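The chain contents come next:
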Amino acid sequence: MKFFDMWPVNRLTGGGAAASVTAMEPLTEAQIRASLINCSKGEASRIKMPPAFAWEDLDFLGWSDPGAPLRAVIVVPGPVGIVLRKPERKRTSVVRSSMCRVCLTQHTSDGVTLFVAPLAGPAGRNGNSVGEYLCTDLACSLYLRGKKQPRGRLVRQEESLTLSERVDRAMTTLNGLVKRVAA
């Protein structure tokens, strides 16, 4: 059995509109580092942890490494984590908008970034990778709950889905990315 076969397919407790969202279980620093599947133990030990997480609002952990600004980490329940790279920031003179593929939040041009993750194992060591457009700050859980608003946006598109359904959709997309890295 592969480790991702154990991931929860549906993170909802209950069903229908009354379903509630299950927050991610708090993890220790050691658990987070041990969960990383696409980097060496040495690289995992050099990743700097953020000062604290508001666990009750998180469906997954996501942060940019304060010690290496082009490196980011995502950990989904399981826990299974992946290390991502983001491109160097470039100034754009054209105002455009982009959408995160996980939470479907629309942002101005710098609010969404193409994150790239090396594949786990020999394929990743040979330079193979996958990518996904995600919120630059990896705060998808907060955007889903309306606890954070994208910069430069006065109007957020309203959805008819409940919070639980939006979280389930987001986690399905994010788990798909992690499974592609693990494959």
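Residues numbered from 1 in each chain as written. Predicted model: local features only at pLDDT ≥ 70, side-chain atom pairs only at ≥ 80, totals over all residues. Heavy atoms only, no water.

1. Describing the environment of valine 112
Phase 1 of the analysis: Counting through the fold element by element, valine 112 comes out in strand E8 (residues 112-118).
Phase 2 of the analysis: When its relative accessible area of 9% is taken as the criterion, valine 112 is described as buried.
Phase 3 of the analysis: Taking C-alpha positions, valine 112 is 8.3 Å from aspartate 137, a pair spaced 25 residues apart along the chain.
Phase 4 of the analysis: Residue contacts for valine 112: discarding those within four places in its chain leaves Ser98, Met99, Cys100, His107, Tyr133, Leu134 and Thr136. (Helix = DSSP H or I, 4+ residues; strand = E, 2+ residues; numbered from the N terminus. Buried < 20%, exposed > 50% of the residue type's maximum accessible area, 1.4 Å probe, protein only. Contact = heavy atoms within 4.5 Å.)

2. What about unusual backbone geometry?
Phase 1 of the analysis: In this structure, the amide linkage connecting glycine 78 to the following residue, proline 79, adopts the cis form with an omega of -15°.
Phase 2 of the analysis: Its location among the elements puts proline 79 in the loop between strand E4 (71-76) and strand E5 (80-85).
Phase 3 of the analysis: Within the chain, leucine 104 stands out as a residue other than glycine whose phi angle is a positive 60°.
Phase 4 of the analysis: The residue leucine 104 is located in the loop between strand E6 (97-99) and strand E7 (106-108) in this model.
Phase 5 of the analysis: Under the relative-accessibility criterion, leucine 104 is labelled partly exposed at 33%.
Phase 6 of the analysis: Even without glycine at this site, leucine 138 takes up a positive phi of about 55°.
Phase 7 of the analysis: Here leucine 138 is to be found in the loop between strand E9 (129-135) and helix H4 (140-145).
Phase 8 of the analysis: Classification of leucine 138 as buried rests on a relative accessible area of 6%.

3. Regarding the pairing of E4
Phase 1 of the analysis: Summarising burial for E4: 6 of the 6 residues are buried, a large majority.
Phase 2 of the analysis: Of the two faces of E4, the one holding Arg71, Val73 and Val75 and the one holding Ala72, Ile74 and Val76 are both buried throughout.
Phase 3 of the analysis: Sheet topology places strand E3 (residues 61-64) next to E4; 4 bridges connect them, and they run antiparallel. Counterpart to tryptophan 63 in the pairing with E4 is valine 73.
Phase 4 of the analysis: The loop that links E3 with its antiparallel partner E4 comprises 6 residues.
Phase 5 of the analysis: Counted along the chain from E4 to the antiparallel partner E5, the turn is 3 residues long, and its residue glycine 78 has a positive phi close to 155°. (Pairing = 2+ DSSP bridges.)

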